[in-house]
Amino acid sequence: IPQPQGQRWRTVNLACSVLRLCFVLSAAWSATAQQAGGSKNEVHVPLGISRCAGGACSPEAASITMDSNWRWLHSAGGFKNCVKKDGSGWDSGVCADPASCAKSCQIDGADMKAYTGSYGVTPVNNGVRIAFPNGPRLYVMDTDTTYKIFKLKNREFTFDVDLSTIPCGANAALYFVEMPQNGGMDGSLNTAGAKLGTGYCDAQCPHMQFIPGHGANMESWTKHPAKNPDGQWLQVGPQGPRGVCCAEMDIMEANRHTTAWTVHPCDTQKQHICQGDEDCGNVDKHLPGVCDKMGCGWNPYRLGSPKFFGAGAAFSVDTSRPFTVVTQFVTSDGTDQGDLAEIRQTYVQDGKIIPNPKAEPLLNSADSITTPLCDRMTVAYHTNKSEPVRNDFKQLGGLPSMGRALDRGMVLVFSIWDDDFGRMLWLDGEYTSVKDDPKDPGVRRGPCGFHAGNDAEIQAKAKQSPISVTFSNIKHGALGSTSVLKSVPKPPPSAASSPAVPSSVEGANATAPTAASGHAPAAASAAAAAAPSAGSVTSNPSSMPRQPNVAPAPAGIDGTALPLATPYGPAPMPQPSSAAATPAVAPVLAPSSPVPQAPAAAPVAAAPVAAPVAA
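1. A few points about the overall build of the protein chain
- Assigned secondary structure in the protein chain consists of eight helices and 34 strands.
- When each of the 615 residues of the protein chain is scored for burial, the buried share is 65%.
- Approximately 18,900 Å² of the protein chain is accessible, and the part contributed by carbon and sulfur atoms is 54%.

Quick look at the structure:
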């Protein structure tokens, strides 16, 4: 659901997982209250993963399942959709109340033919290729019925990626969320579980169709107004009143023009069911909710290095060819017991180690995510002087909170998606709102034009030439063990307080190159109830959420009906209307309470502005 954050926007794909799905049709998959039906047995996609330590790596059992919201949701033993065709509400003939609805609706499994043919998910050597637009959100499994749990504090995570075909407006995402290992299967309201991709949550507190322990999220099923980057108010949704929150660590959200990695902590443990503005968050009321929707993130373009990441030999990392990403989670004392104090990212291409670039002087030339960097960015990139500075990241626990989530364990997620409502401007745009001044620090997220990146444009490009991402050679283990990068980072120096931020923020003409961050899946979902559309928005002074991203919407971004998902695969995504709706209360999920403004200092010289890219 589109969510305003100050003057910036980020659309998170509405095609998100259904948390509480009930009966699985396949006779080969036994579950409580199983219903007879003709579905296929679920066959998970194989995936190669290695655990490393002491200079050696060993293979681990792993596979991939598809998010439940890309599966057909229909009446048990029948073919009636649980949500009305026009998306206006739940079918009362199937769903009389939340619990009975959860027990009267079912989803189907998919075999390898469906994964590769209908959903564009293809196993490759030690990895997986996901094609746009049908590629679903994917979760990594360790058994046939449980997700693989990664515990990465004081560890590192490495993967290879090929995103050479991904244009402006599209996003290839690899990230972690603290969803339950069994997918929330409880034997009653959810008998599908991890095997069929249930249990999703993230830092956006998505208002899912099904809520753990409750059933269908059907009460107060209404649309909500949201303002797009062009300043138009549109009706989005509809959605129910409850959301599902959990910590989210975005390792990469990228296309061939820009990349971002972002930390989204929560002040709760594991999944949290939210309801109302105080709990879920509300931007207009300056209520943060329980998770940092915006997060603290690193986008090389935004932080001062527009020539670091892009297609061609002129860039440090050439995205026209595959490369390796190494992410290290460093603790305060170098032990497993210490707090998470720093996150470092390094690239490797053609055997060459490519360090993360230093940030602009306004951010003290930092080269990794630390608490001082996040504090400085909150102030330095705050350009809307009509609103107080808010440091949600620190208020909701910051890096130590994310470290505790990494200790408890998180699930690995892959996706490829586009963002028709916000055009992915939070990630790659020259600016993200008509009210933005590209000369203000932190506004420019990437080289892509403000009007580029709508769904019709990307769909047309995909028809001309395939768009896909390949993730492969995934490794995790001790620091310095998973790649040619053998160095073990030392704990960062402790900093009780962040230094004052030079207030070029106060000078309207200060320029900051950009690129953002986030996480969430693609426009072509196959939500069982009805095919969802791209559309949840949030922004982030230091990056963007993904994630990322994330309530299922049975109606288009402006309320027009979407085609239903079918037993044969995802339904095509329709083009949203541009008709403006009457402004009203902004949707839930937002930033946080005021933080004092840092003292002013001498302005920093403006950085050169690169010409926008159209594709």
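2. Concerning the packing of aromatic side chains
- Tallied over the full model, the rule gives 18 aromatic pairs.
- Centre to centre, the rings of Trp 90 and Phe 210 are 5.4 Å apart; their planes meet at 90 degrees, and the pair counts as edge-to-face. One end of the pair, Trp 90, is in the loop between β9 (74–75) and α1 (98–104); the other, Phe 210, is in strand β17 (residues 210–211), and 120 residues separate them in sequence.
- On the basis of relative accessibility, which here comes to 7%, the residue Trp 90 falls in the buried class.
- Residue Phe 210 is classed as buried on the basis of its relative accessible area of 0%.
- Where Trp 261 meets Trp 298, the ring centres are 6.2 Å apart and the plane angle is 20 degrees; that geometry is what we call stacked. Taken together, the positions of Trp 261 in strand β23 (residues 259–264) and Trp 298 in strand β25 (residues 296–298) put the pair 37 residues apart, joining distant regions of the chain. Of the two residues examined, Trp 261 and Trp 298, each falls in the buried class.
- What links up through ring pairs into an aromatic cluster is the set Phe 150, Phe 157, Phe 159, Phe 176, Phe 414 and Phe 471.

3. Some remarks on the nonpolar core
- Grouped together as the largest cluster of nonpolar side chains are 81 residues, with contacts concentrated most on Phe 159, Ile 369 and Phe 414.
- Those residues in contact with Phe 414 that sit more than four places away from it in its chain are Leu 47, Ile 64, Val 128, Ile 130, Pro 136, Arg 137, Leu 138, Val 140, Ala 173, Leu 174, Phe 471 and Ile 474.
- In terms of nonpolar packing, the next biggest core, distinct from the first, is built from 21 residues, Ala 194, Tyr 200, Val 411 and Met 424 among them.

4. With respect to the layout of surface pockets
- The calculated volume of the largest pocket comes to roughly 470 Å³.
- Lining the largest pocket are 24 residues, and of these Ala 341, Thr 370, Pro 372, Pro 492 and Pro 493 sit closest to its centre.
- Residue composition of the lining of the largest pocket, by class: 12 nonpolar, six polar and six charged.

5. Observations regarding the pairing of strand β32 (residues 410–418)
- Within β32, nine of the nine residues are buried, which leaves the element mostly enclosed by the surrounding structure.
- Judged from the two bridges that link them, strand β13 (residues 138–141) and β32 form a sheet pairing that is antiparallel. In the strand pairing of β32, Leu 138 is matched with Phe 414.
- Sheet analysis places strand β16 (residues 170–177) next to β32, joined by eight bridges and oriented antiparallel. Residue pairing across strands places Ala 170 opposite Asp 418, the latter belonging to β32.

6. Considerations on the state of the cysteines
- What the rule picks out here adds up to nine disulfides.
- The disulfide partner of Cys 82 is Cys 105, and the gap between their sulfur atoms is 2.1 Å. The sign of the S-S torsion, about -130 degrees, decides the handedness of the disulfide formed by Cys 82 and Cys 105: left-handed. Of the two residues, Cys 82 sits in the loop between β9 and α1 while Cys 105 sits in strand β10 (residues 105–107), which places them 23 residues apart along the sequence.

What counts and how
Residues numbered from 1 in each chain as written. Predicted model: local features only at pLDDT ≥ 70, side-chain atom pairs only at ≥ 80, totals over all residues. Heavy atoms only, no water. Helix = DSSP H or I, 4+ residues; strand = E, 2+ residues; numbered from the N terminus. Buried < 20%, exposed > 50% of the residue type's maximum accessible area, 1.4 Å probe, protein only. Areas by Shrake-Rupley, 256 points an atom, 1.4 Å probe, with all protein chains shown as cover. Phe/Tyr/Trp six-rings, centres within 6.5 Å; stacked < 30°, edge-to-face > 60°. Core = buried A, V, L, I, M, F, W, Y, C linked by side-chain atoms within 4.5 Å. Contact = heavy atoms within 4.5 Å. 1 Å grid on protein atoms, 1.4 Å probe; cavity = no way out; pocket = protein on both sides within 12 Å on 5 of 7 lines; lining within 4 Å. Points joined across faces, edges and corners; volume = space filled by probe spheres on them. Nonpolar A, V, L, I, M, F, W, Y, C, P; charged D, E, K, R; others polar. Pairing = 2+ DSSP bridges. Disulfide = S-S within 2.5 Å.

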